[in-house]
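An overview of the molecular structure
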Amino acid sequence: SVSGIIAESTPSNVKIMPIKVGDSAGSILTSTFVVGVNYAQENGAHLINASLGAPVESNVAFAAAIGRLESQLRIPMICAAGNEGKSLDSINYFPAESTKTIAVAAIKDTGEKWAGSNSGSAIDFTAPGYRVKSYSKTGSLSGFKSGTSFAAPYITAVAAILLTQNPSMSQSQLTEAMANMCVDLGTPGKDDRFGYGYPKFNPKVKNGFEVENGKTYYYVNDEKIKGQKKIDDYWYMFDLNTGEMETSFYQHNSKSEEIEPI
């Protein structure tokens, strides 16, 4: 399912190296996980998607696990924030809480935070993770799944595309590039629920008239116009503070008449 999201969201020159680090019951030892990370790095991987994770009860064990990972990790790792519906600031969650990983929370298609997604200061980005299309091993649609495990590969896909354009990008450069592509959600800037937001290629830039909550505004490259502006043969007055359209006039051949607001 995770590979299917990456495959569907990237061009054909992006290759996937599947590495198994868990047993048949889904249990994963930190030591085995780190071995998998090293295998990926030694065999040419440029990026790791870790749609896995769990709280670690002991502070000592958590510190040891994080230390073991961070001492070995040399390429960007994008990982699931977890599905406990808690703040990562209150639980020891591995590996999302590592400062050397990029943690991804999940949203619904409405842009709202998915209730099961963890949050906290460690969250870097968010992506769709509620009723995401799931694919079988044969590539056919097999249903829908929810979880941060299915949000992470969307961010991995964006990172993979950026790396095809510039393979030498470091994780900090990758994070900055994706942050600059984000559709901001929630509190402006980076926040505990959505991180920097949802990175999208060519997000819609507002240009022209927009009606918001019953009020009319005019945008040029996502910026609200304030004050007087002539648009075609019309003069408009926009509030100097809010940008809300107040009046508009049609002017032609030295004659003018007030017209109804849009």
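Residues numbered from 1 in each chain as written. Predicted model: local features only at pLDDT ≥ 70, side-chain atom pairs only at ≥ 80, totals over all residues. Heavy atoms only, no water.

**Observations concerning helix α4 (residues 152–165)**
Here α4 is 14 residues long and its end C-alpha atoms lie 20 Å apart, about the 20 Å a rise of 1.5 Å per residue gives. Counting buried positions along α4 yields 12 of 14 residues, so the element is predominantly enclosed. For α4, the full list of buried residues reads Ala152, Pro153, Tyr154, Ile155, Thr156, Ala157, Val158, Ala159, Ala160, Ile161, Leu162 and Leu163. (Helix = DSSP H or I, 4+ residues; strand = E, 2+ residues; numbered from the N terminus. Expected span 1.5 Å × (residues − 1). Buried < 20%, exposed > 50% of the residue type's maximum accessible area, 1.4 Å probe, protein only.)

**Section: the confidence of the model for the protein**
Taken over all residues, the pLDDT of the protein has a mean of 89, while the share at 70 or more is 93%. No element of the protein has a lower mean pLDDT than strand β17 (residues 255–258), which averages 48, and none a higher one than strand β3 (residues 77–80), which averages 98. (pLDDT = per-residue confidence, 0-100.)

**Looking at the packing of aromatic side chains**
In total, this model carries 7 aromatic pairs according to the counting rule given. Judged by centre distance (5.8 Å) and plane angle (85 degrees), the rings of Phe33 and Phe94 are edge-to-face. Linking Phe33 in helix α2 (residues 30–42) with Phe94 in strand β4 (residues 93–94), this pair joins segments that are 61 residues apart in sequence. According to the relative accessible area criterion, Phe33 is buried, its value standing at 5%. We classify Phe94 as buried; its relative accessible area is 8%. Their ring planes at 40 degrees and their centres at 5.6 Å tell us that Phe125 and Tyr196 sit as a pair that is tilted. On the criterion of sequence distance, the pair formed by Phe125 in strand β6 (residues 123–128) and Tyr196 in the loop between β9 (182–183) and β10 (198–199) is long-range, its members being 71 residues apart. Classification of Tyr196 as partly exposed rests on a relative accessible area of 31%. Through pairs of rings, three or more aromatic residues link up here, namely Phe209, Tyr218, Tyr234, Tyr236 and Phe238. Directly above the ring of Tyr130 sits Lys108, whose terminal nitrogen or CZ lies 5.4 Å from the centroid. (Phe/Tyr/Trp six-rings, centres within 6.5 Å; stacked < 30°, edge-to-face > 60°. Lys NZ or Arg CZ within 6 Å of the ring centre and 35° of its normal.)

**Regarding the pairing of β3**
Pairing of strand β1 (residues 48–50) with β3, which is carried by 3 bridges, proceeds in the parallel orientation. Each residue of the ladder has a partner; that of Ala50, found in β3, is Cys79. Here β3 pairs with strand β5 (residues 102–107) via 3 bridges, running parallel. Bridging across to β5, Ala80 finds its partner in Val104. (Pairing = 2+ DSSP bridges.)

**A few points about helix α3 (residues 59–72)**
In this model α3 runs 20 Å from its N-terminal to its C-terminal C-alpha over 14 residues, within 8% of the 20 Å that 1.5 Å per residue would give. For α3, the full list of buried residues reads Phe62, Ala65, Ile66 and Leu69. Take α3 and look down its axis: the buried residues cluster within an arc of 95 degrees, on one side only. Away from the buried face of α3 by more than 90 degrees, exposed residues Val60 and Ser71 are located. The elements touched by buried residues of α3 are α2, β3 and β4. (Arc of directions from axis to C-beta. Contact = heavy atoms within 4.5 Å.)

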